[in-house]
Amino acid sequence: MTQDHASGDPAQPPRRVDRAGIVIAALLAGLAAVLVVDARGLSSTTMYGMGPEAMPVVIACGLALLAIGNFVDALRGNLPARESADPVPVVLILIGLALLIAIIGFGGGFILATSALFVTTSAAFGRRAILVDSIIALVMSILIYLAFDRLLTLSLPTGPLERLL
Amino acid sequence: MDTFAALAHGMAVAVQPMNLLYALIGVFLGTAVGVLPGIGPALTVALLLPVTYKLDPGGSLIMFAGIYYGGMYGGSTTAILINTPGESASMATALEGNKMAKAGRGGPALATSAIGSFVAGTIATIGLAFLAPWLVDFAVRFGPEDYFALMCVAFVTVSATFGDSPIRGLTSLFIGLTLGLVGIDKLTGQARLAFGVPELLDGVEVTTLAVGLFAVGEALYVASRRHHSEEKLEPVRGSLWMTKEDWKRSWKPWLRGTMFGFPIGALPAGGAEIPTFLSYSCEKRLTKYPEEFGKGAIEGVAGPEAANNASAAGTLVPLLTLGLPTSATAAMMLAGFQQYGLNPGPLLFAERPDLVWGLIASLFIANCMLLVLNLPLVGLWVRLLAIPQPWLYAGILVFATMGTIAAKPSVVELSMLAGFGVLGFLMRRFDFPIAPVVVGLILGPIAESQLRRALAISLGDPMTLLQSPISATLLALALIALLAPFVLKGLGRFKATED
């Protein structure tokens, strides 16, 4: 959803349909539907007052109303102006987060996982010295690991590198 | 007097060597993290929450108080020196403060903001100490329906009344309320919105949401618009100290800022943004040097900074006495209480006076420490600002994920963190406010259980909400606060067409 058409262009007339706003309204409506479907699976066992299904339905109604409100705003082009966004660094950071999750998930340990995130984020912000950054990341995450493990006695996930320490 | 005795007792708790050490660590960490660009006090508390996980409740709450105040001080340093306010409350400070730094008067700007924060923080904490017992006496009479109505007021003021767009603010709130539904329903034990995922049965962790929205979201957002502008760090040149003239021009704005900040912060009116801008425009009107405004007037730093800190202490009034967070930072503080199974409110004052009054007393101590820490050591904090942006944000993300990894190292929890990061990025991009999501997640479940309790007591009669005078008044207030922006906007449009 980041590849917005550049709507910061001053030459465009201000009041035009905002497509991203319509997507937002649709997502809100979808969320409301999910809430209602989920609430229908609950059984109301309370004798008096509200059961567990009442609040989701109330919130779903609110979301539906807000979907309409956002839809109207989008049709009128009432959303605040946006500057163009560069999707490349965003995707890079998300790759970094995915790497971190994968490494933790497959037992690669804290140090490798956070180092991967550090290097990709740094690259997303324009650094190209991957080797230097990798060394910095490794040293930093080893220090954090030791501080947490020894000083605060919080357990962080261990992998091959942590077992060496 | 009762308050004096309680406060003296709290002081005795707070000056124990271990607690002093916790306060010192708190203000140090709070300033260090708060000074990093793009990190406001709320995120500072959220990031440091896991660090305090293993401490005893008393010590860790004292540390929190230090982190909270430290984050406020650190945030203003960033606002002055690089013009990137970490939160909307230091936007007014950045207006004049950054101009002063550009004109080579960064030192006095930092000094007036630090001393002003100290003055305001001290006065407001005294206000907190005297207002809290009184409010507690009042709050004891609250029934569940009154609490529910009070939370409705908080929902509306936080999301709709003071934002740019009530629709976008309410949208944020309802996203938060939806997230609050996830997990096992406490009254009937049925799972809601868990979709068969066992990790979701416990509900959404407040810290995961806050760190995802604030830290990951901010990093993604800054990365996406890196090509727009380079932030420039203004070096602190010249004397750090304020001249006699600076003092003369600062003390009145400090006091006026406090008068704006504390009452507005103490009302459930949502955050420090309004008092800081009120103070800014008030100083602009009262100043003898109107030509300096916009070019770096010291009054424009002194007033808003004092207002900012006073309202931070003010938000602790509803938080401690009613359990009602009215800003993102207060919401994080509440999460800190909850991690020890403590629920702020009248009961906590009765059951754990040592804890509550120790916390209040340590706010005074934290404030004094911060004054010492900030004035001579400002050079050290400035050096933190010189970290190159790639490493800074890489470090922030490592630190942000570290909290989740330490608390719950599961793939589901980390994926949620990343997902909330994307949500935070999109909300920033499309200009949805973030704080209502956090407040909705925390208060939503509490409001629901209070409402259900009220209805169970009244045997299902919804009229109980209107029969209690407190609840009826509060609900009427909530309705007015909800409708006011729409009505005013209608008036504004009417005026605009007239022009």
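## Let's talk about the overall build of chain A
Phase 1 of the analysis: Regarding its fold elements, chain A presents six helices and zero strands.
Phase 2 of the analysis: Its helices and strands taken in sequence order, chain A reads α-α-α-α-α-α from the N to the C terminus.
Phase 3 of the analysis: Taking all 165 residues of chain A together, the buried fraction comes to 33%.
Phase 4 of the analysis: Here the contacts in chain A between residues at least 6 apart in sequence split such that 64% fall between residues at least 24 apart.

## Describing the overall build of chain B
Phase 1 of the analysis: In terms of regular secondary structure, chain B is built from 21 helices and two strands.
Phase 2 of the analysis: Per-residue burial over chain B gives 63% buried out of 499 residues.
Phase 3 of the analysis: For chain B, restricting intrachain contacts to residue pairs at least 6 apart in sequence, the fraction spanning at least 24 positions comes to 81%.

## Considerations on the interface of chain B and chain A
Phase 1 of the analysis: At the interface, 52 residues of chain B touch 56 residues of chain A.
Phase 2 of the analysis: Counting only elements with at least two residues in the side of chain B that touches chain A, the list comes to helix H8 (166-181), helix H9 (206-224), helix H17 (389-407), helix H18 (411-429) and helix H19 (435-457) of chain B.
Phase 3 of the analysis: Top element by residues in the side of chain B that touches chain A is H17(B). It accounts for 11 residues.
Phase 4 of the analysis: In the side of chain B that touches chain A, the residues fall into 32 nonpolar, 11 polar and nine charged.

## With respect to helix H16 (residues 378-385) of chain B
Residue and element names in this part refer to chain B.
Phase 1 of the analysis: Here H16 has its buried residues at Val 378, Trp 381 and Val 382. Here the buried residues of H16 occupy an arc of 105° about the axis, which is enough to place them on one side. Every exposed residue of H16 that faces more than 90 degrees away from the buried side is listed here: Gly 379 and Arg 383.
Phase 2 of the analysis: Where H16 is buried, its residues touch helix H2 (17-34), helix H4 (57-82), helix H6 (106-139) and helix H15 (353-374).

## A look at the confidence of the model for chain A
Phase 1 of the analysis: In the predicted model, chain A carries a mean pLDDT of 83, and 87% of its residues have values of at least 70.
Phase 2 of the analysis: Segment residues 1-13 of chain A is flagged for pLDDT under 50; beyond a separation of four residues in sequence, or across chains, it makes 19 contacts in the model.

## Focus: unusual backbone geometry
Residues and elements named next belong to chain B.
Phase 1 of the analysis: Its identity as a non-glycine residue notwithstanding, Leu 193 has a phi of 50°, on the positive side.
Phase 2 of the analysis: Residue placement: Leu 193 occurs in the loop between strand E2 (191-192) and H9.
Phase 3 of the analysis: Overall, Leu 193 belongs to the partly exposed group, with 19 C-beta atoms counted inside 10 Å.
Phase 4 of the analysis: The backbone of Asp 431 shows a phi angle near 65°, a positive value even though the residue is not glycine.
Phase 5 of the analysis: Structurally, Asp 431 is set in the loop between H18 and H19.

## Regarding the packing of helix H5 (residues 91-102) of chain B against helix H12 (residues 299-322) of chain B
Residue and element names in this part refer to chain B.
Phase 1 of the analysis: Orientation of H5 relative to H12, taken along the N-to-C sense of each, is 145°, at an axis distance of 8 Å. As H5 runs across H12, the sense of the crossing is left-handed. For the pair formed by H5 and H12, the contact residues are Ala 92, Thr 93, Leu 95, Glu 96, Gly 97 and Met 100 on the first element and Gly 300, Val 301, Pro 304, Glu 305 and Asn 308 on the second.
Phase 2 of the analysis: Its residues assigned to classes, the contact of H5 with H12 comprises five nonpolar, four polar and two charged.

## Observations regarding the environment of Pro52(A)
Phase 1 of the analysis: Tracing the sequence through the fold places Pro52(A) in the loop between helix H1 (19-40) and helix H2 (54-76).
Phase 2 of the analysis: Classification of Pro52(A) as buried rests on a count of 24 C-beta atoms within 10 Å.
Phase 3 of the analysis: Sequence-wise, Pro52(A) and Leu42(A) are 10 residues apart; in three dimensions their C-alpha atoms are separated by 7.1 Å.
Phase 4 of the analysis: Ignoring sequence-local partners within four residues, the contact set of Pro52(A) consists of Leu42(A), Asp185(B), Leu187(B), Thr188(B), Gln190(B) and Arg192(B).

## Details of the environment of Ala386(B)
All names here are of chain B.
Phase 1 of the analysis: You can see Ala 386 is positioned in the loop between H16 and H17.
Phase 2 of the analysis: Since 10 C-beta atoms lie within 10 Å of it, Ala 386 is described here as exposed.
Phase 3 of the analysis: Sequence separation of Ala 386 and Leu 36 is 350 residues, and the distance between their C-alpha atoms is 9.5 Å.

## Considering helix H11 (residues 273-286) of chain B
Residues and elements named next belong to chain B.
Phase 1 of the analysis: Compared with the 20 Å implied by 1.5 Å per residue over 14 residues, the 20 Å span of H11 between its first and last C-alpha is a close match.
Phase 2 of the analysis: Three or more residues of H11 are buried, namely Glu 273, Ile 274, Pro 275, Thr 276, Leu 278, Ser 279, Tyr 280, Cys 282 and Glu 283.
Phase 3 of the analysis: Lining the buried residues of H11 we find H5, helix H10 (244-266) and H12.

## Quick word on the confidence of the model for chain B
Low pLDDT marks stretches whose predicted atomic positions should not be read closely.
Residues and elements named next belong to chain B.
Phase 1 of the analysis: Mean pLDDT for chain B: 84, with 93% of residues reaching 70 or above.
Phase 2 of the analysis: Note that residues 495-499 has pLDDT below 50 and, in this model, zero contacts with residues that lie over four places away or in other chains.
Phase 3 of the analysis: The ipTM assigned to the predicted complex is 0.87, against a pTM of 0.86.

## Looking at the environment of Leu48(B)
All names here are of chain B.
Phase 1 of the analysis: Its place among the elements puts Leu 48 in helix H3 (residues 41-48).
Phase 2 of the analysis: Judged by the 27 C-beta atoms lying within 10 Å of it, Leu 48 falls in the buried class.
Phase 3 of the analysis: For the pair formed by Leu 48 and Asn 98, sequence separation is 50 residues and the distance between their alpha carbons is 28 Å.
Phase 4 of the analysis: In this structure, Leu 48 is in contact with Leu 29, Val 33 and Ile 67, ignoring residues within four places of it in sequence.

What counts, and at which threshold
Residues numbered from 1 in each chain as written. Chains lettered and ligands numbered in written order. Predicted model: local features only at pLDDT ≥ 70, side-chain atom pairs only at ≥ 80, totals over all residues. Helix = DSSP H or I, 4+ residues; strand = E, 2+ residues; numbered from the N terminus. Buried ≥ 20, exposed ≤ 12 C-beta atoms within 10 Å, placed from the backbone. Contact = placed C-beta atoms within 7 Å. Nonpolar A, V, L, I, M, F, W, Y, C, P; charged D, E, K, R; others polar. Arc of directions from axis to C-beta. pLDDT = per-residue confidence, 0-100. Axes fitted to C-alpha atoms, helices over the stretch in contact; angles between N-to-C directions. Left-handed = near helix turned anticlockwise from the far one by under 90°. Expected span 1.5 Å × (residues − 1).

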